[in-house]
Amino acid sequence: MPDAETATPSSTARPDSPSTRRRYGLDALRGLAVFLMIEQHVGIWLWRGPDAGRSLADYPLLVGFNALGGGAAPLFVCLAGVGSALFAATARPNRDRTLVRRGLMLMLFGLALNLATPSWFSWGSWFVLHMMGFAMATAPIWRRMSSRSLLASCGLVFVGTVMAQHWLETPTLLHNHRMRDLSLPGGTFRLALAEGQFPILPWLSFYLAGFVAGRWILADRPGRIATMGLAFVALGGLGNLLYKLIGPSLSPEAQKLFFRAFGLQLGFFPASIAIVGLLLGGALLLVAGMTRLERTRPLGPANPLVTMGRASLTLLLLHVPLFREATRPVGLWRGLSAETTLVVVMGVMALAMGGSMLWRRRGYRYGAEWLLRRVAG
């Protein structure tokens, strides 16, 4: 993913000042996000499911490990906002142009992933790369807004999410076929707005909150980031509690609207405000914790999670077609036992981590991140 490395320092800034040094803790969080994403995908795509007479509850290790992957995309989008804020705060010329070009380049990477993974996506699917690219391409708008205005915009995104889902009559549970369906009115624009895997409504809120967090990192205010994270957790948790308390007494139409706002269900397609609050709050608490940790125990460039984070975009683009498409002809697609799947997952993660550590010695040359910088600046 686009990293949080800031641009060349201005002539008046010290090379090691807080506004110009590389923040390896954020790279490590990207590494954690891609770790969770890969382990979840590989686990889902290789495991054949419960044996006869058994349920998911009989596989607590695999299922529990797999569930952690739900935090990957929220962390990615939030960190994209953090990185954009750090970049926007530099004195580098043509910042807006660079942000727009990087965003458009990310969206092109998303289109390439769509075309490389026909079993999952249509050409017009809207995945996490599209969402981050859109948010980054519009960053010239966000960087000119105050932090208070950005947080207010998160509230508008939440309201818009419920309204858009209601207007489009979005099912309260979306499956993959619907999230790639271009035959519906609006086609890919409909998916991008509200019905794709990671649509603008409500996922733009992750980027906007991350942008605010990036500003507070520069101000050395991790406590504010933690407070913001707890506020989002409270919004999600208390909203869901309110839904459970008064939802049953409402009319069927009001219940449906209330569920779109504060209902919780397995998975987050489509994501309600409650789900967003809990996931975004968790991501922000991780950012705040890592920011505090770097004060006393800063990470170095050779840390395994840091190297995975520096190569996270490449790892994302490689693992999806490899394990979603290439496993089918050889009979591995949903063909392994739970025990074998866990072994394979651990092996894949070891290869990804070890490979990124070796790749660091070559400066991560010729990867997707390298190409992004070469083309977009």
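As the structure is a prediction and not an experimental result, all values here were calculated from the model.

## Observations regarding the overall build of the protein
Reasoning step 1: Within the protein, the secondary structure is distributed over 17 helices and zero strands.
Reasoning step 2: Against the compact-globule benchmark of 21 Å for 377 residues, the protein has a radius of gyration of 21 Å, which places it among compact chains.
Reasoning step 3: Along the three orthogonal principal directions, the C-alpha set of the protein runs to about 65 × 50 × 40 Å.
Reasoning step 4: Across the 377 residues of the protein, 53% fall into the buried class.
Reasoning step 5: Accessible surface, the protein: about 16,600 Å² in total, of which carbon and sulfur atoms supply 65%.

## Some points on unusual backbone geometry
Reasoning step 1: That bond from Leu 201 to Pro 202 is cis: its omega, 15 degrees, falls within 30 degrees of zero.
Reasoning step 2: Mapped onto the elements of the fold, Pro 202 is located in helix H10 (residues 200-218).
Reasoning step 3: A cis amide bond links Phe 269 with the next residue in sequence, Pro 270, at an omega value of -5 degrees.
Reasoning step 4: Within the secondary structure, Pro 270 is located in the loop between helix H12 (252-262) and helix H13 (273-296).
Reasoning step 5: Not every positive phi belongs to a glycine, and Asn 94 is a case in point at roughly 60 degrees.
Reasoning step 6: By secondary structure assignment, the location of Asn 94 is in the loop between helix H3 (72-88) and helix H4 (95-116).
Reasoning step 7: Although it is not a glycine, Asp 220 sits at a positive phi angle of roughly 55 degrees.

## Examining H4
Reasoning step 1: Here H4 spans 31 Å end to end across 22 residues, near enough to the 32 Å set by a 1.5 Å rise per residue.
Reasoning step 2: Turning to H4, its buried residues number three or more, namely Thr 98, Leu 99, Arg 102, Gly 103, Met 105, Leu 106, Phe 109, Gly 110, Leu 113 and Asn 114.
Reasoning step 3: Each element contacted by the buried residues of H4 is listed here: H3, helix H5 (128-137), helix H6 (139-142), helix H15 (312-324) and helix H17 (368-376).

## Structural notes on the packing of aromatic side chains
Reasoning step 1: Summed over the entire model, instances satisfying the criterion amount to 22 aromatic pairs.
Reasoning step 2: On the basis of an interplanar angle of 50 degrees and a centroid distance of 6.1 Å, the ring pair of Phe 198 and Phe 268 is categorised as tilted. In this pair, Phe 198 sits in the loop between helix H9 (187-195) and H10 while Phe 268 sits in the loop between H12 and H13, placing the two residues 70 residues apart along the sequence.
Reasoning step 3: A residue is classified by how much of its surface remains accessible, and Phe 268, at 13% relative accessible area, is buried.
Reasoning step 4: Members of the aromatic cluster, joined through ring pairs, are Trp 45, Trp 120, Phe 121, Phe 127, Phe 198, Trp 203, Phe 206, Phe 268, Phe 269 and Trp 333.
Reasoning step 5: Directly above the aromatic system of Tyr 59 lies the positively charged group of Arg 54, at a separation of 4.6 Å from the ring centroid.
Reasoning step 6: In this arrangement the basic side chain of Arg 328 is found over the ring face of Trp 333, its NZ or CZ atom lying 3.9 Å from the centre.

## Observations concerning a nonpolar patch on the surface
Reasoning step 1: Taken together, the side chains of Leu 238, Leu 241, Leu 242, Leu 245 and Ile 246 make up a nonpolar region of the molecular surface, amounting to roughly 480 Å² of accessible area.
Reasoning step 2: With respect to the secondary-structure elements, Leu 242 resides in helix H11 (residues 222-246).

What counts and how
Residues numbered from 1 in each chain as written. Predicted model: local features only at pLDDT ≥ 70, side-chain atom pairs only at ≥ 80, totals over all residues. Heavy atoms only, no water. Helix = DSSP H or I, 4+ residues; strand = E, 2+ residues; numbered from the N terminus. Rg over C-alpha atoms; globule rule 2.2 N^0.38 Å. Buried < 20%, exposed > 50% of the residue type's maximum accessible area, 1.4 Å probe, protein only. Areas by Shrake-Rupley, 256 points an atom, 1.4 Å probe, with all protein chains shown as cover. Expected span 1.5 Å × (residues − 1). Contact = heavy atoms within 4.5 Å. Phe/Tyr/Trp six-rings, centres within 6.5 Å; stacked < 30°, edge-to-face > 60°. Lys NZ or Arg CZ within 6 Å of the ring centre and 35° of its normal. Patch = residues over 30% accessible without salt bridge, like charges linked within 9 Å, V, L, I, M, F, W, Y side chains within 5 Å. Salt bridge = Lys/Arg side-chain N within 4 Å of Asp/Glu carboxyl O.

Honestly, it's all geometry; don't read function into it.
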